[in-house]
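# Fold and contact review
If you want the building blocks of each chain, they are given just below.
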Amino acid sequence: MVSSPPDVIRRALSHRVKQSVADPSLMPAAVLLLIYQRDDEYYVLLNRRSDEVEYHKGEISFPGGSWEPDDKNLSYTATRETNEEMGIRYEDMRIIGELETVNTSSMFCIYPFVATINYPYKSRISKDEVADVIEVPIQSLLNPLNRRTEMHIRRNKSYKVYSYIYKQHIIHGATANILSQLLAIISS
């Protein structure tokens, strides 16, 4: 029997030692990579940020945001922000693991958590924060025709920059870097 993407991810993340180190000079933030099965296909849930948000206006991202002092931990930050932005209830999200942190040029250290939800999910989108909901089939992201990798140099260090195309959407930046981690696990 073939394992589902959530099973593969859960197994892979439970057997690894997290390599990333948080940079204390950056603002902590957390995002939630929501995976669900619709019909016979697995999807990841993204959104296009509204023009009303403070950071990354109009960009495609995972639900998430900045850590707040009342948050008990960063996984709580991810689920709280997902609830605020997407209206998905806490009890409907099941965290299955955590990916490596991603540092951004906008001075955030992002902690990405992977969770599952059932489809159809009940949501209540915050129009102040979310302009569009984007449901992307994981198979589309795994298709090499929909992925671009470039080498960039910053501060005399070279690094890979990823982007993904889905329909009219271009997924880039930290969101694409986080997606690349998830897809590498699924592909292995």
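The structure displayed is predicted, hence computed values, not measured ones.

What counts, and where the lines are drawn
- Residues numbered from 1 in each chain as written.
- Predicted model: local features only at pLDDT ≥ 70, side-chain atom pairs only at ≥ 80, totals over all residues.
- Heavy atoms only, no water.
- Buried < 20%, exposed > 50% of the residue type's maximum accessible area, 1.4 Å probe, protein only.
- Helix = DSSP H or I, 4+ residues; strand = E, 2+ residues; numbered from the N terminus.
- Pairing = 2+ DSSP bridges.
- Phe/Tyr/Trp six-rings, centres within 6.5 Å; stacked < 30°, edge-to-face > 60°.
- Lys NZ or Arg CZ within 6 Å of the ring centre and 35° of its normal.
- Contact = heavy atoms within 4.5 Å.
- Polar contact = N/O pair within 3.5 Å; in protein donor to acceptor, adjacent residues only side chain to side chain.

Okay, the pairing of strand S7 (residues 108-116) next. Most of S7 sits out of view: nine of its nine residues are buried. What you see with S7 is no split at all: Phe108, Ile110, Pro112, Val114 and Thr116 on one side and Cys109, Tyr111, Phe113 and Ala115 on the other are buried throughout. Pairing geometry for strand S6 (residues 102-103) and S7, over two bridges, is antiparallel. Following the sheet pairing, Val102 is matched in S7 by Ile110. Counted between consecutive antiparallel strands, the loop separating S6 from S7 contains four residues, among which Met107 sits at a positive phi close to 75 degrees.

Another aspect to go through is the packing of aromatic side chains. Between two aromatic rings, the relevant description is the distance of the centres plus the angle of the planes. Enumeration over the complete set of coordinates arrives at five aromatic pairs. Between the aromatic rings of Tyr36 and Tyr119, the centroid separation amounts to 5.5 Å while the plane-to-plane angle is 10 degrees, which identifies the pairing as stacked. Pair noted here: Tyr36 is in strand S1 (residues 27-38) and Tyr119 is in the loop between S7 and strand S8 (130-137), with a separation of 83 residues, a long-range link. Seen from their ring centres, Tyr119 and Tyr121 are 6.2 Å apart, and the 70 degrees between their planes marks the pair as edge-to-face. Overall, Tyr119 belongs to the partly exposed group, its relative accessible area being 37%. An aromatic cluster is built from Tyr36, Tyr43, Tyr119 and Tyr121, whose rings are joined through pairwise contacts. Positioned above the aromatic ring of Tyr43, the side-chain terminus of Arg38 is 4.2 Å from the ring centre.

Most of strand S2 (residues 41-49) sits inside the fold, with seven of its nine residues counted as buried. Pairing between S1 and S2: five bridges, direction antiparallel. Note on S2: the bridge partner recorded for Leu34 is Leu45. Between S1 and the antiparallel strand that follows it, S2, lie two residues; Asp39 among them carries a positive phi value of about 55 degrees. Pairing between S2 and S8: seven bridges, direction antiparallel.

Topologically, Leu141 is positioned in helix H3 (residues 138-142). Taking the C-alpha atoms as reference points, Leu141 and Ile153, separated by 12 residues in sequence, lie 25 Å from one another. If sequence neighbours within four positions are ignored, Leu141 has contacts with Val44, Val136, Tyr164, Ile171, Leu179 and Leu183.

Another point: the side chain of Gln181. Mapped onto the elements, Gln181 comes out in helix H4 (residues 173-187). Given the relative accessible area of 19%, Gln181 is considered buried. Beyond its immediate chain neighbours, meaning those up to four positions away, Gln181 contacts Leu99, Glu100 and Val102.

The residue Ser106 is located in the loop between S6 and S7 in this model. Classification of Ser106 as partly exposed rests on a relative accessible area of 22%. When the C-alpha atoms of Ser106 and Met27 are compared, they prove to be 9.2 Å apart, with 79 residues separating the residues in sequence. A polar side-chain atom of Ser106 sits 3.0 Å from a polar atom in the side chain of Thr104.

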